[in-house]
Amino acid sequence: MREKISILTAHFGDFEWTEFLLQRIFETVDLKRYELQLLVINQDRTESSRERLLSSGPMEVLEFPRNENFFAVMGHDHPWVLDQALEKVTGDILIVFDSDAHPVSYT
């Protein structure tokens, strides 16, 4: 049985960067050796973004309702959606392509 790799990333409206990343993932992961679960969070939260992402290759596009508490503190809810997405991960190995999620304290 092959090991399963889960790759998680988020999309914010920069389709060129997201499509480049997805292309590299599809070129790099040895699908004879690993089963791939590719999860992309659609933080644009629009149907057109969802459709464009799905046209980029086989993946699961995740969408979560906007978290107003995070928006009030940070101006976005990126850490919250990453936490929500972790519940969807089924792989033996998790790779997260992300660089802008930071801990927040509401106290």
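Within each chain, residue numbers correspond to sequence positions counted from 1 in written order. Note on the predicted model: pLDDT of at least 70 is required for a residue's local features to be given, and 80 or more for side-chain atom pairs to be given and counted; whole-chain, interface and lining totals, by contrast, use all residues. Side-chain figures throughout are based on the complete set of non-hydrogen atoms in the structure, without hydrogens or water.

Participant: Go over the pattern of salt bridges with me, naming the residues and quoting the values.
Facilitator: In a structure, side chains of opposite charge can pair up when their charged atoms sit close to one another. Within this document, salt bridges are pairs made up of a side-chain nitrogen of Lys or Arg and a carboxyl oxygen of Asp or Glu, the two lying within 4 Å of each other. Per the counting criterion, the structure on display carries six salt bridges. Note that arginine 52 is salt-bridged to glutamate 16, the shortest N-O span being 4.0 Å. Of the two residues, arginine 52 sits in helix H2 (residues 47–54) while glutamate 16 sits in helix H1 (residues 15–28), which places them 36 residues apart along the sequence. Each residue is assigned to one of three classes by its accessible area relative to the maximum for its type, calculated with a 1.4 Å probe on protein chains only: buried under 20%, partly exposed between the two thresholds, exposed over 50%. The partly exposed category is assigned to arginine 52, whose relative accessible area is 33%. In this structure, a network of salt bridges that share partners links the residues Glu16, Glu19 and Arg52. Each helix is a run of H or I in the DSSP string that is no shorter than four residues. Each strand is a run of E no shorter than two, and both are numbered from the N terminus.

Participant: Provide a residue-level description of the nonpolar core, including the pertinent values.
Facilitator: Membership of the largest hydrophobic core comes to 13 residues, with the highest contact counts inside it found for Ile7, Ile25, Leu38, Val40, Leu53 and Met59. Mapped by element, the contributors of at least two residues to this core are strand E1 (3–11), H1 and strand E2 (34–42). Only heavy atoms enter the contact rule, under which two residues are in contact if any of them lie within 4.5 Å. When residues no more than four places from it in sequence are discounted, the contact partners of valine 40 are Thr9, His11, Leu22, Leu53, Met59, Glu60, Val61 and Leu62. Each nonpolar core is a collection of buried residues, namely Ala, Val, Leu, Ile, Met, Phe, Trp, Tyr and Cys, held together in the definition by side-chain atoms within 4.5 Å. In this structure, Leu8, Phe64, Phe70 and Trp80 belong to the second largest nonpolar core, which totals eleven residues.

Participant: How would you summarise the packing of aromatic side chains if you had to cite specific residues and measurements?
Facilitator: Each aromatic ring pair is summarised here by two numbers: the centre-to-centre distance and the angle between the ring planes. Aromatic contacts are taken between Phe, Tyr and Trp rings whose centres are within 6.5 Å, Trp giving its six-membered ring; a plane angle under 30 degrees counts as stacked, one over 60 as edge-to-face, and the others as tilted. Considering all chains together, one arrives at one aromatic pair under this definition. Both rings, one in phenylalanine 64 and one in tryptophan 80, keep their centres 6.3 Å apart while their planes meet at 85°; by these two values the pair is edge-to-face. Of this pair, phenylalanine 64 sits in the loop between strand E3 (60–62) and helix H3 (68–74) while tryptophan 80 is found in helix H4 (residues 78–86), placing the two residues 16 residues apart along the sequence. Relative accessible area serves as the criterion here: at 13%, phenylalanine 64 is assigned to the buried category. Geometrically, a lysine NZ or arginine CZ counts as sitting over a ring once it is within 6 Å of the ring centre and also within 35 degrees of the ring normal. When the ring centre of phenylalanine 71 is taken as reference, the NZ or CZ atom of arginine 66 above it lies at 3.5 Å.

Participant: Just give me the short version of the pairing of E1, but keep the residues and values in it.
Facilitator: Most of E1 is tucked away: eight of the nine residues are buried. Being paired, for any two strands, means DSSP has found at least two bridges between them. Sheet analysis places E1 next to E2, joined by nine bridges and oriented parallel. The residue bridging serine 6 from the neighbouring strand is glutamine 37, located in E2. Whether a crossover is right-handed comes down to one check: with the strands pointing away from the viewer, does the path from the first strand over the helix to the second run clockwise; if it does, it is right-handed. Each parallel crossover has a hand, and for E1 linked through H1 to E2 it is right-handed. With five bridges joining them, E1 and strand E4 (residues 93–97) adopt parallel strand pairing. Looking at E4, one finds that isoleucine 7 is bridged to isoleucine 95.

Participant: Can you lay out the sheet that holds E2 for me, pointing to particular residues and giving the numbers?
Facilitator: Strand order in the open sheet made by the four strands is E3-E2-E1-E4, with parallel pairing throughout. The open sheet has two edge strands, E3 and E4, and neither has a second partner. Across this sheet, the average inter-strand angle for adjacent strands is 20°, counted without regard to direction. In this analysis, axes come from line fits to C-alpha atoms, helices being fitted only over the stretch in contact, and the angle between any two N-to-C directions falls in the range 0 to 180 degrees. H1 rests against E1, E2 and E4 of the sheet, and its axis sits at about 175° to E2.

Participant: Explain the packing of H1 against H2 to me, and be specific about the residues and the numbers.
Facilitator: The N-to-C vectors of H1 and H2 enclose an angle of 30°; their axes lie 11 Å apart at closest approach. On the basis of the axis angle, H1 is roughly parallel to H2. When the axes of H1 and H2 are compared, the crossing they make is right-handed. Across the interface between the two elements, Phe15, Glu16, Thr18 and Glu19 of H1 pack against Ser49, Arg52 and Leu53 of H2. Its residues assigned to classes, the contact of H1 with H2 shows two nonpolar, two polar and three charged. The cut-offs work like this: below 35 degrees is roughly parallel, past 145 is roughly antiparallel, 65 to 115 is roughly perpendicular, and the gaps in between are oblique. For a crossing to be left-handed, the near helix must be turned anticlockwise from the far one by less than a right angle; the clockwise case is right-handed. Here the nonpolar group is Ala, Val, Leu, Ile, Met, Phe, Trp, Tyr, Cys and Pro; Asp, Glu, Lys and Arg are the charged ones; every other residue, Gly included, is treated as polar.

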